[in-house]
2 protein chains.
Amino acid sequence: MSAPYQANAVLVGRKDTMNYVLAAIRLFTEGASEVIIKARGKNICKAVDAAERVRSTLKDVEIRDVKIYSEEIEGEEGRKRRVSAIEIVLTRRE
Amino acid sequence: MSAPYQANAVLVGRKDTMNYVLAAIRLFTEGASEVIIKARGKNICKAVDAAERVRSTLKDVEIRDVKIYSEEIEGEEGRKRRVSAIEIVLTRRE
């Protein structure tokens, strides 16, 4: 059974922005009422761009929330470093 | 007379992130109760990074709001193109 109210996440990485735009659109067309686009570091711009493109493509989708925060990630030799991250919550208007 | 409640903006451009971190910190130490960090396109990651660094440096500053949106900018030969933008509102906790 599909779970239309489940939070669906799209993790933005190294691929072209359009991959993440299409992934989010697919989740919405499959019935998701909410899609969360996440990214860290240099991919943050790509996440913002993807969210804006999804919103301009699906007219009933709006940005409900944007959170920015810091994460500690473990690099080579176990050294920890801080990296900024973003979570963009897109929802379908009722 | 100083206007502590005025919205003070830091526009993030091509310089190193630390320039914008320091600009925002200066505004707060000069009495601003709110500082808005703005950026477009590829500078969005830098703006998020700057906001996180201001927040971790000034413990009484928090992120009140993050807005993402699209802007149309006029390029060469008058051609218009869409660009994503971000506005991060930092406020000093009372």
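Residues numbered from 1 in each chain as written. Chains lettered and ligands numbered in written order. Predicted model: local features only at pLDDT ≥ 70, side-chain atom pairs only at ≥ 80, totals over all residues. Heavy atoms only, no water.

Chemist: Report on the overall build of chain A, specifying residues and quantitative values.
Modeler: Looking only at helices and strands, chain A features two helices and four strands. On the principal axes, the C-alpha backbone points of chain A span a range of 45 × 25 × 20 Å. Classification of the 94 residues of chain A by burial places 45% in the buried group. Counting every atom, chain A has about 5700 Å² of accessible surface; 47% of that belongs to carbon and sulfur. (Helix = DSSP H or I, 4+ residues; strand = E, 2+ residues; numbered from the N terminus. Buried < 20%, exposed > 50% of the residue type's maximum accessible area, 1.4 Å probe, protein only. Areas by Shrake-Rupley, 256 points an atom, 1.4 Å probe, with all protein chains shown as cover.)

Chemist: Can you tell me about helix α1 (residues 17–29) of chain B, naming the residues and giving the values?
Modeler: Residue and element names in this part refer to chain B. Compared with an ideal rise of 1.5 Å per residue, which puts 13 residues at 18 Å, α1 spans 19 Å between its outermost C-alpha atoms and is within 8% of the ideal. If you check which residues of α1 are buried, you get Thr17, Tyr20, Val21, Ala23, Ala24, Ile25 and Phe28. Summarising the contacts, the buried residues of α1 are in contact with β1 (8–11), β2 (34–40), α2 (44–57), β3 (61–74) and β4 (80–92). At the exit of α1 stands Gly31, carrying a positive phi of roughly 115°. (Expected span 1.5 Å × (residues − 1). Contact = heavy atoms within 4.5 Å.)

Chemist: Describe the packing of α1(B) against α2(B), listing the residues and the values that go with them.
Modeler: If you want to describe how two helices pack, look at the angle between their axes and the distance between the axes. All names here are of chain B. Packing of α1 against α2 leaves a shortest axis separation of 9 Å and a crossing angle of 45°. Looking at the two axes, α1 sits oblique to α2. When the axes of α1 and α2 are compared, the crossing they make is right-handed. On α2, the residues that touch Thr17, Met18, Tyr20, Val21, Ala24, Ile25 and Phe28 of α1 are Lys46, Asp49, Ala50, Arg53, Val54 and Thr57. (Axes fitted to C-alpha atoms, helices over the stretch in contact; angles between N-to-C directions. Parallel < 35°, antiparallel > 145°, perpendicular 65-115°, else oblique. Left-handed = near helix turned anticlockwise from the far one by under 90°.)

Chemist: Explain the sheet that holds β3(B) to me, using residue names and the numbers behind them.
Modeler: Residue and element names in this part refer to chain B. Strands sit in the order β1-β2-β4-β3 across an open sheet of four strands; the sheet is mixed. Of all strands in the sheet, those with a lone pairing partner are β1 and β3, marking the two edges. On average, each strand axis in the sheet is tilted by 20° relative to the strand beside it, whichever way the strands run. Bridge analysis of β3 against β4 gives 13 bridges, and the strand direction is antiparallel. Across the sheet, residue Glu71 finds its bridge partner in β4, namely Val83. (Pairing = 2+ DSSP bridges.)

Chemist: Summarise the sheet that holds strand β4 (residues 80–92) of chain A; cite the residues concerned and give the values.
Modeler: Residue and element names in this part refer to chain A. Ordered in space as β1-β2-β4-β3, the four strands form an open sheet in which the pairing is mixed. Single-partner strands in this sheet number two, and they are β1 (8–11) and β3 (61–74). Between one strand axis and the next, the sheet turns through 20° on average, direction left out of account. Summarising the sheet, β1 and strand β2 (residues 34–40) pair through four bridges and their orientation is parallel. Considered in β2, the bridge of Ala9 is made with Ile36. Helix α2 (residues 44–57) rests against β2, β3 and β4 of the sheet, and its axis sits at about 5° to β4.

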